[in-house]
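Coordinates in review
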Amino acid sequence: MEPVVLLLLLSQVVYRVDSARCPSNHILPAIPHWYQSGDLLIGGIVSHNFYQYHTEDFKALPSWDLREAPETILKFYQHILALEFAVKEVNEKPYILPNETLGFHIYENYYDEKMTYQTTLELLFKSHGFIPNYKCGTQKHLIAIIGALDPENSMHIATILDLFKIPQLTYGSFASEENDAKEFFYRMVPNEAHFYTGIVQLLLHFGWTWVGLLATDDHSGEHFWKTLEPLFSQNGICLAFMERIPPKVQWDDLADFTHIIPNIDTVFSDVKVSTFILYGDSRTLIVLNGHFFLGNISSDNIFGKVWILTAQIDFTLSGMQRFWDFHYFHGAISFAIHSNKLLGFQAFLHDLKTNGADENSLLKFFWAQAFNCVFVNGEESREVDSACTGDEKLASLPSTVFEMDMSGHSYSIYNAVHAVAHALHTTHSSQANLRARRSGKNFEFQDLQPWQIPPLSECNTHCRPGSQKKKKAGEKFCCYDCSPCPKGKISRQKDMDDCVKCPEEAYPSKDQDKCMPKQIHFLTYEDTLGIILISTAVCCFLITALVLATFMKHKDTPIVKANNRDITYALLVSLSLCFLCSLLFLGEPNKVTCFLQQSVFAIIFTMAVSCVLAKTVTVVVAFMATKPGSSMRKWVGKRMTNFVVLSCSLIQAGICLVWLGTSPPFPDLDTHSMNEEIVFACDEGSVLMFCIVLGYMGLLSLISLTVAFFARKLPDSFNEAKFITFSMLVFCSVWMSFFPTYLSTKGKYMVAVEIFSILASSAGLLGFIFFPKCYIILLRPELNNKKQLIKRKK
C-alpha cells in the first residue's frame, strides 16, 4: 500500500501550463462513457464490447462506420456496476474520505489498441475530444485508473500512465512481464503463473497425459504455451497439438467464419485426445462456441471432451449468441479468480433502472441488448413491440447473459476502488502506522463434482503394473509400447520407466506387480516327508537293535563266532547310530545341530565302513593263514581288526576336528536358491572340508568293495565277502547318485536327499550282511552248527 500512497501524492502535483485554446471540433468520434463527478476521480477502462471486423479491401479510406454494431459481452457490464457500487460504498462512509467525494469516469475500449490509447488520453486531458498535454473542457482530478482486462491493452495504458506517474490497477489475470517493470503498475489478481502449477496437478490427478492446447494467437498465448510445455515434459505430460485462435475475427460471410480455425476439424477427430486446455479470454470462448454452432464439425467429435479453462475465460455469450447455450462445454473445469459475496450488492443490482435519457450511454446500450428492446420516446413507443421500459429486472436474465453474484473480475475492481480510497485516507491521515494492508488469499481447486466420469486422454493406454514403458522410435515420450517386466523384477505402479528387483526377503507376484514376502522353508518333523523319514529311521533303528539282540542271544553259535563277533557288534551299533544321526538333519536349524550334523554323521559312517573293511580283511587273512607255513597267522585275531577300525575312524575324527576348528557349519538363511521361499538350512562353512570328509568315506568304501570283490570266491561256509560285496556295491551306488541329486535339488529337499542317502546306504549294509545270517539263525537253525560247517567244507 505504501507505493500506492506515494504515487497518489505524486499524481496530485499541480502542473502549470500555458493557456491554450481548445478546439471545438473532435478529431475522433466520441466513445461511449459514463461520468460521475467527484472531488477525486477514478478512471476506468473496461472491455465488454468488441467488433467482428470486416476484411479491408484497401479500395476506400478506413471508416468509422464499420464500428456501428459491436458484439457485446453482456455479463461484463457487471464490471462497471461493481466500480459504481464500490464508489457508492466509499462515499457513504465519510470516515474514509472526510470532506471529499469520490467520482469516476469509465470508458469502453472495445479490446482495441487505438481505442485504448484514445480513452487513456481522454481520461487524462478531457471528457470529450482532446489535445495531448492540455487539459480542456471539464477539469478532472484523476488519481488512478483501473484497467484493462486483457494484458496487451493493459500494457498500452501503462506506457502512457508511466509518463504521468499515475497509478494503474489491472483487474485481469495475466503474465505480462513487460508491465512488471513499470513503476506505477499494480495487479489486483495474482500472476498467471500460479495457474500453471494448478493445471499440471489437475492433469496428473486424473491421469490425463495426452492433451490438446488451444490458445490465442498473440503474445500471451505464446507465453502460456512456452511456459507450460517444459512443465508438461517434467511431469510426463505431452501436447498432442497446439492450435492458435486469432484474437480478432475478420469475416464477411458465414463461410469466412467457419474457416477462422483452419485445422479445427483434424484436432477434434483424434479420438485419443479427450482433454483440451483453452487459453485466452472470453472472446476466445465466444469464437470457439460460434465455430461449433456454425461450423461443419461433427457433434460426435465434440461431445465427451473435457475442457480446462484458464481464469481469464468466463462462461458468457455475446448479444448475438444470447439464445445459444454451452452444451458443447458441459463438464468443463474452469479456474476461477477469487470472489466474495458482498452485502448489498445484489440489492443494488435489483434496484437498477434506466430511462434511456441519462448520460450513461454504456448502460443504455447494455440494457437494449440484454433485454432485446429499443429505447424510444413516448410517441414512438406505441409503434414498437419491443420498447425498453427501463423497469426490466437484471435477475430475469439467464446466467449466461448476466450474473447476480459478483464475479472474480468484478471483485478485483471492487478491491481496486477500496485500495485507492484507503490509500487516500492514509495519505490524509496523521497516523504513522498504515491501517490498510493488502491481503492475499491462496487459490484452491473448486471441489470436483461427480457429474461425469473422467475420460481417458492419452496417446496410448497406460502400461499396467507388472510392465514397463518401451519408447517408440520417432514418437513423443508420451507415446510408448509396454513390455512385461523381466523375470525377477516388478513394477508397482502404471507407466513405470523401469522395473525393479524385490528385496532379498521377497519375490515377485504372479502378475509382477508387487513383492510377496518369502516364507521360511526347512524340513520339519510335521511335514509329510519329514514323518516318512522319521518313521523309516526309527524302524531301521529298531530292526538293527533286533538284529543285535538276536546276535547277542546266539553269540555262541558258529555263524556268529565265525567272523569276529566283536566287529559284528560294533558294525551293528554303528548302523543303529547311523539311522539315529539322520534325525539331526530334521527340524529348525540351530547352532548345536548345525555344528554336530555333518561331523557326527561322518565319524559314525566312517566307523561303520571301517568295520565292514575290517570284516573283509578278516576273511582274506583267515583263508591266507590256512595255507601251510603262512606268515599271516600272526595277523589273525582282534589286533588287526581293532587297528583297522580305530585308525580309519581316528583319521576321520581328525579331519572333522580341523573342520570344526577352522570353519564350522552354521545356520544360514538362503534367499537366492528358491524364488518364493527362504531356505533355512545349515551352511557347511567350508565346502572343501565337507568334500574331504565325503571323499575319505568314499575312499574307504571303494577299498572295502575292491577287497570284498576279490574275496567273493572263497568257500561259502566261512565266507561273507560275497554279501559284503553286494552291500558295498549298494552303498557306493547310493552315494555316487547322491552328489548329482544333492546339487540339483533346493531347499528342504536337499536335506531329504542326504537323509535318504544315509538311510538307504545303512539299510543296504544291514540287509545284505546280516539278513542272510538272521535267516539261518532264526529259520534254519540246523545249519548253525560246527558239524554242518565242516561237512560243507568237505
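Residues numbered from 1 in each chain as written. Predicted model: local features only at pLDDT ≥ 70, side-chain atom pairs only at ≥ 80, totals over all residues. Heavy atoms only, no water.

Next up on the list: the pairing of strand S5 (residues 102–108). Among the 7 residues in S5, 7 count as buried, and that is most of the element. Burial along S5 is two-sided: the face carrying Leu-102, Phe-104, Ile-106 and Glu-108 and the face carrying Gly-103, His-105 and Tyr-107 are both buried. Bridge analysis of strand S1 (residues 33–36) against S5 gives 4 bridges, and the strand direction is antiparallel. Looking at S5, one finds that Trp-34 is bridged to Ile-106. Pairing of strand S2 (residues 40–46) with S5, which is carried by 7 bridges, proceeds in the parallel orientation. Its bridge partner lying in S5, Ile-42 is registered against Phe-104. (Buried < 20%, exposed > 50% of the residue type's maximum accessible area, 1.4 Å probe, protein only. Helix = DSSP H or I, 4+ residues; strand = E, 2+ residues; numbered from the N terminus. Pairing = 2+ DSSP bridges.)

Taken residue by residue, the protein gives an average pLDDT of 79. The fraction at 70 or more is 78%. Of all the helices and strands in the protein, helix H1 (residues 2–11) carries the lowest mean pLDDT, 42, while helix H2 (residues 77–91) carries the highest, 95. With pLDDT under 50 throughout, residues 1–20 is counted as low confidence; its partners more than four residues away or in other chains account for 33 contacts. pLDDT under 50 marks residues 430–453. Its contacts with residues more than four places away, or in other chains, come to 30 contacts. (pLDDT = per-residue confidence, 0-100. Contact = heavy atoms within 4.5 Å.)

The subject of this paragraph is the pattern of salt bridges. A full pass over the atoms with the stated rule returns 10 salt bridges. Across the salt bridge formed by Lys-75 and Asp-314, the nearest N and O atoms sit 3.8 Å from each other. Highlighted residues: Lys-75 in the loop between strand S4 (71–72) and H2 and Asp-314 in the loop between strand S12 (306–309) and strand S13 (333–334), separated in sequence by 239 residues. As far as burial versus exposure is concerned, Lys-75 and Asp-314 are alike and both buried. The salt bridge partner of Glu-92 is Lys-88, with a shortest N-O separation of 2.8 Å. Relative accessible area serves as the criterion here: at 53%, Glu-92 is assigned to the exposed category. We classify Lys-88 as partly exposed; its relative accessible area is 37%. Connected via shared salt-bridge partners are Lys-75, Asp-314 and Glu-403. (Salt bridge = Lys/Arg side-chain N within 4 Å of Asp/Glu carboxyl O.)

Okay, H2 next. Its 15 residues give H2 an end-to-end C-alpha distance of 22 Å, which sits within 8% of 21 Å, the value for a rise of 1.5 Å per residue. Along H2, 13 of the 15 residues are buried, which leaves the element largely enclosed by surrounding structure. (Expected span 1.5 Å × (residues − 1).)

Read from one edge of the open sheet, 3 strands run S20-S22-S21, paired in mixed fashion. The strands lining the two open edges of the sheet, one partner per strand, are strand S20 (519–521) and strand S21 (666–670). Between one strand axis and the next, the sheet turns through 25° on average, direction left out of account. For S21 and strand S22 (residues 677–683), the ladder comprises 5 bridges, and the chain directions are antiparallel. (Axes fitted to C-alpha atoms, helices over the stretch in contact; angles between N-to-C directions.)

As a further point, take the nonpolar core. Buried together is how nonpolar side chains tend to be arranged in soluble globular proteins. In this structure, Phe-551, Leu-571, Phe-601, Phe-605, Ile-755 and Phe-770 are the most contacted members of the largest nonpolar core, which totals 63 residues. Contributing elements (two or more residues each) for this core: helix H15 (528–553), helix H16 (558–561), helix H17 (565–581), helix H18 (591–625), helix H19 (638–662), helix H20 (687–710), helix H21 (721–744) and helix H22 (748–778). Sort the elements by how many residues they give to this core and H22 lands first, with 12 residues. What Phe-601 contacts, discounting residues up to four positions off in sequence, is Cys-581, Phe-585, Leu-596, Leu-694, Met-697, Trp-735, Glu-754 and Ile-758. Ranked by size, the runner-up nonpolar core spans 60 residues in total, among them Leu-74, Phe-104, Tyr-171 and Leu-352. (Core = buried A, V, L, I, M, F, W, Y, C linked by side-chain atoms within 4.5 Å.)

In contact at an axis separation of 10 Å, helix H6 (residues 193–206) and helix H7 (residues 219–234) are set at 45° when each is read in the N-to-C sense. When the interaxial angle is binned, H6 and H7 end up oblique. As H6 packs across H7, the resulting crossing turns out to be right-handed. For the pair H6 and H7, contact is made by Tyr-196, Ile-199, Val-200 and Leu-203 and by His-223, Phe-224, Thr-227, Leu-228, Leu-231 and Phe-232, respectively. When its residues are assigned to classes, the contact of H6 with H7 shows 8 nonpolar, 2 polar and no charged. (Parallel < 35°, antiparallel > 145°, perpendicular 65-115°, else oblique. Left-handed = near helix turned anticlockwise from the far one by under 90°. Nonpolar A, V, L, I, M, F, W, Y, C, P; charged D, E, K, R; others polar.)

The subject of this paragraph is the packing of H15 against H22. Running from N to C, H15 and H22 cross one another at 25°; their axes reach a closest spacing of 10 Å. Taken as axis vectors, H15 and H22 run roughly parallel relative to one another. Remark: the crossing between H15 and H22 carries left-handed chirality. Between H15 and H22, the contacting residues are Leu-529, Leu-533, Thr-536, Ala-537, Cys-540, Ile-543, Thr-544, Val-547, Thr-550 and Phe-551 on the first element and Tyr-749, Ala-752, Ile-755, Leu-759, Leu-766, Phe-770, Phe-771, Lys-773, Cys-774, Ile-777 and Leu-778 on the second.

Think of a pair of aromatic rings as described by two things: how far the centres are apart, and how the planes are tilted against each other in angle. For the coordinates displayed, the defined rule picks out 29 aromatic pairs. On the numbers, 5.8 Å between centres and 50° between planes, the contact of Phe-366 with Phe-402 is tilted. Placement of Phe-366 in helix H13 (residues 361–370) and of Phe-402 in the loop between H13 and helix H14 (408–428) is noted, with a sequence separation of 36 residues between them. Here the guanidinium or amino end of Lys-469 rests over the ring plane of Tyr-480, the centre of that ring lying 4.9 Å away. (Phe/Tyr/Trp six-rings, centres within 6.5 Å; stacked < 30°, edge-to-face > 60°. Lys NZ or Arg CZ within 6 Å of the ring centre and 35° of its normal.)

Taken as a whole, H13 has its buried residues at Leu-362, Leu-363, Phe-366, Trp-367 and Ala-370. Considered in projection along H13, the buried side chains sweep an arc of 125° and stay on one side of the axis. Against S1, H2 and S5 lie the buried residues of H13. A positive phi of about 50° marks Asn-372, the residue just after H13. (Arc of directions from axis to C-beta.)

The next thing to look at is the environment of Val-500. Within the fold, Val-500 resides in strand S17 (residues 500–501). Relative accessible area serves as the criterion here: at 36%, Val-500 is assigned to the partly exposed category. Spatially, the C-alpha atoms of Val-500 and Gly-488 are 8.5 Å apart, while their sequence positions differ by 12 residues.

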